[in-house]
Amino acid sequence: MAKRTIAGHNTPVPPEVSAQTASDILENKLAQLKSLLWCCYGDADWLWEAGPQTRDNVMWIAFDLVSDAVDLHQECMRKGARI
């Protein structure tokens, strides 16, 4: 039987390394949304077979990602960042 491994605490990262700009976070959110929607595109039979609760949850995730992206876009525009 394989030994069970439990992840430990993350190593602290200095603020200057871990700080992401709104533009970076926006890019990440859009990549996540693109991947999520790709899974639902076309003959995504699994999504329909998963049932209404799962479909609702997937759409909820998509909505949250779009809402975050809109907020980040507005923040980028306020700061004059180029997207």
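Everything that follows concerns the structure shown earlier in this document.
How each quantity is defined
- Residues numbered from 1 in each chain as written.
- Predicted model: local features only at pLDDT ≥ 70, side-chain atom pairs only at ≥ 80, totals over all residues.
- Heavy atoms only, no water.
- Salt bridge = Lys/Arg side-chain N within 4 Å of Asp/Glu carboxyl O.
- Helix = DSSP H or I, 4+ residues; strand = E, 2+ residues; numbered from the N terminus.
- Buried < 20%, exposed > 50% of the residue type's maximum accessible area, 1.4 Å probe, protein only.

Participant: Any chance you could explain the pattern of salt bridges here in plain terms?
Facilitator: Between side chains of opposite charge, a pair can form when the charged atoms approach closely. The final tally for this structure, using the stated rule, is two salt bridges. In this structure, Lys29 engages Asp68 in a salt bridge whose closest nitrogen and oxygen atoms are separated by 3.2 Å. Here Lys29, found in helix α2 (residues 22-40), pairs with Asp68, found in helix α4 (residues 52-79); they are 39 residues apart in sequence, far enough to count as distant. The class of Lys29 is partly exposed, set by a relative accessible area of 21%. Accessibility expressed as a relative area gives 30% for Asp68, which makes it partly exposed. Put simply, Lys79 and Glu75 hold a salt bridge, and the shortest N to O gap is 3.1 Å. Note that Lys79 and Glu75 are positioned in helix α4 at a spacing of four residues, about one turn of the helix.

Note that all results are geometric; they support no functional claim without further evidence.
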